[in-house]
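The residues making up each chain are set out below.
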Amino acid sequence: MGEEIPTSKAPRAVVQAIEVVRIESLIQERIDAEEKFKTYKTNELIGELSKGIEKLRSQGNGEDGPHLTESEIERINRAVNLAVELHIDQKDRPSGEPYINHVLNVTRRLVIEYGVKSPNIIMAAALHDSVEDQSSKLAILNSDAEGDEREKSLAYISSHFGERVSNIVRSISNEEVPDDLDTKTKNRMYAEHVTEAVKDPEVALVKLADFSDNALTLENVTDPKRRAKLTEKYMPVVAMLIDRVQCEDIQMDKEQKNNLVAKLKSVYSEMESYKR
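Rules and cut-offs
Residues numbered from 1 in each chain as written. Predicted model: local features only at pLDDT ≥ 70, side-chain atom pairs only at ≥ 80, totals over all residues. Heavy atoms only, no water. Helix = DSSP H or I, 4+ residues; strand = E, 2+ residues; numbered from the N terminus. Buried < 20%, exposed > 50% of the residue type's maximum accessible area, 1.4 Å probe, protein only. Contact = heavy atoms within 4.5 Å. Areas by Shrake-Rupley, 256 points an atom, 1.4 Å probe, with all protein chains shown as cover. Core = buried A, V, L, I, M, F, W, Y, C linked by side-chain atoms within 4.5 Å. Phe/Tyr/Trp six-rings, centres within 6.5 Å; stacked < 30°, edge-to-face > 60°. Lys NZ or Arg CZ within 6 Å of the ring centre and 35° of its normal. Axes fitted to C-alpha atoms, helices over the stretch in contact; angles between N-to-C directions. Parallel < 35°, antiparallel > 145°, perpendicular 65-115°, else oblique. Left-handed = near helix turned anticlockwise from the far one by under 90°. Nonpolar A, V, L, I, M, F, W, Y, C, P; charged D, E, K, R; others polar. Expected span 1.5 Å × (residues − 1). Polar contact = N/O pair within 3.5 Å; in protein donor to acceptor, adjacent residues only side chain to side chain. Bend = angle between axes of the 7 residues up to and from the residue. Patch = residues over 30% accessible without salt bridge, like charges linked within 9 Å, V, L, I, M, F, W, Y side chains within 5 Å. Salt bridge = Lys/Arg side-chain N within 4 Å of Asp/Glu carboxyl O. Lys, Arg positive; Asp, Glu negative; His and termini not counted. Charge placed at Lys NZ, Arg CZ, Asp CG, Glu CD.

Draft legend 1. Quick peek at the overall build of the protein chain. Looking only at helices and strands, the protein chain has twelve helices and two strands in total. Taken from the N to the C terminus, the helices and strands of the protein chain come in the order α-α-β-β-α-α-α-α-α-α-α-α-α-α. By the burial criterion, 42% of the 276 residues in the protein chain qualify as buried. Restricting the contact set of the protein chain to residue pairs at least 6 apart, pairs at least 24 apart contribute 65%. Summed over all atoms, the accessible surface of the protein chain reaches about 15600 Å², with 49% contributed by carbon and sulfur.

Encoded structure:
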């Protein structure tokens, strides 16, 4: 094969042809994504979440307490929109569904199932995987900031959505680990990270929603080896989360807590069956 010509030195016609191919490729990727969104009902998820957020709009003080202001609703919507842009082309989940569905499900679960009304927690849920999975994209938006991609990404979140949101996302995000670490060590580090992170009750709510969407969908993972690997990772964390969700500082009503505990216990039993 011949030596590749740097774009900056290529003839104008060649540069234009390369740009056309690149744009066509991007368009096709978006078309493919839209088709997958239809199959996995991504747009329906977005609609359901939007309705849940709208119900939090400021209407004075009702029986369930104060609702959110127009400004808070607008910030939440910006966080959700940013999450969609960041994760739209991320590798699909093990179940085959678009990755963005996970982010939307975590946020929807907090708003609709857990009844969370804190804008900081809702925004952090929408952005909970942005630093861990998409820091290269996020850092570009904050290229003038100091630090590596991770720190630039967290600084961007802090400046646009608030320091508290950035701190929750930091706590949720797993640290990078060396590729050559064995699986058992990686799983132990993951369990230690989650145990430490959920000491903060606001972080705990986001992590509970995140973990629930990961662990409660294991049955949809058709590859037995992949499912067994995920079971080994998640199983040690389930018992700890069952205890944590029942603590008084976790702001969910009793029925919501009981439902979540029941689901987590059911998942634990399923995981035991996968290991047999």
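Draft legend 2. View of the environment of Glu-255. Structurally, the position occupied by Glu-255 is in helix α12 (residues 254-275). Separated by 141 residues in the primary sequence, Glu-255 and Tyr-114 have C-alpha atoms spaced 9.9 Å apart.

Draft legend 3. Structural context of the nonpolar core. Ranked by size, the top nonpolar core spans 70 residues in total, and within it Leu-110, Tyr-114, Leu-127, Phe-211 and Leu-241 carry the most contacts. A total of nine residues in this core trace back to one element, the largest contributor, which is helix α11 (residues 224-245). Every residue in contact with Leu-110, bar those within four places of it in the chain, is listed here: Gly-115, Val-116, Ile-121, Ala-125, Leu-205, Val-206 and Ala-209.

Draft legend 4. Structural context of the packing of aromatic side chains. What the rule picks out here adds up to two aromatic pairs. Taken together, a centroid distance of 5.4 Å and an interplanar angle of 85 degrees make the contact between Phe-211 and Tyr-234 edge-to-face. Taken as a pair, Phe-211 in helix α10 (residues 201-215) and Tyr-234 in helix α11 lie far apart in primary sequence, 23 residues in all. Here the aromatic cluster, defined as three or more aromatic residues joined through ring pairs, consists of Tyr-190, Phe-211 and Tyr-234. Here the basic side chain of Lys-233 rests over the ring of Tyr-190, its NZ or CZ set 4.7 Å away from the ring centre.

Draft legend 5. Representation of the packing of α10 against α11. Contact pair α10 / α11: the axes reach a minimum separation of 11 Å and the direction vectors enclose 135 degrees. The orientation of α10 relative to α11 falls into the category oblique. Like other packed secondary-structure pairs, α10 and α11 cross with a definite hand, here left-handed. In this structure, α10 uses Pro-201, Ala-204, Leu-208, Phe-211 and Asn-214 to contact α11, whose residues at the interface are Tyr-234, Val-237, Val-238, Leu-241, Arg-244 and Val-245. Looking at the contact of α10 with α11, its residues break down into nine nonpolar, one polar and one charged.

Draft legend 6. Structural context of α10. With 15 residues, α10 should cover 21 Å at 1.5 Å per step; its first-to-last C-alpha distance of 20 Å lies within 8% of that length. Counting buried residues in α10 gives 13 out of 15 residues, a clear majority hidden from the surface. Its side-chain oxygen at 2.9 Å from the backbone nitrogen of Glu-202, Asp-200 defines the N-terminal cap of α10.

Draft legend 7. Fine view of α11. With 22 residues, α11 should reach 32 Å at 1.5 Å per residue; the first-to-last C-alpha distance of 29 Å fits that figure. Of all bends in α11, the biggest is about 35 degrees, found at Tyr-234, and the proline Pro-236 comes one to four residues later. All buried positions along α11 are accounted for by Leu-230, Thr-231, Tyr-234, Met-235, Val-237, Val-238, Met-240, Leu-241, Ile-242, Arg-244 and Val-245. Taking the backbone nitrogen of Lys-225 as reference, a side-chain oxygen 3.1 Å away marks Asp-223 as the first, capping residue of α11.

Draft legend 8. The arrangement of a positive patch on the surface in detail. Together, Lys-91, Lys-186, Arg-226 and Lys-229 give the surface a local cluster of positive charge. Structurally, Lys-229 is set in helix α11.

Draft legend 9. Fine view of the side chain of Arg-150. Note that Arg-150 resides in helix α7 (residues 149-161). Residue classification places Arg-150 among the buried residues on the basis of a relative accessible area of 16%. Apart from the residues lying within four places of it in its own chain, the contact partners of Arg-150 are Val-131, Ser-135, Arg-170, Ser-173, Asn-174 and Glu-175.

Draft legend 10. Expanded view of the packing of α7 against helix α8 (residues 163-172). Where α7 contacts α8, the axes come no closer than 6 Å and their chain directions differ by 145 degrees. Between α7 and α8 the crossing geometry is right-handed. Of α8, the residues touching α7 (which contributes Arg-150, Glu-151, Leu-154, Ile-157, Ser-158 and Phe-161) are Glu-163, Val-165, Ser-166, Val-169 and Arg-170. Class assignment for the residues of the contact of α7 with α8 results in five nonpolar, two polar and four charged.

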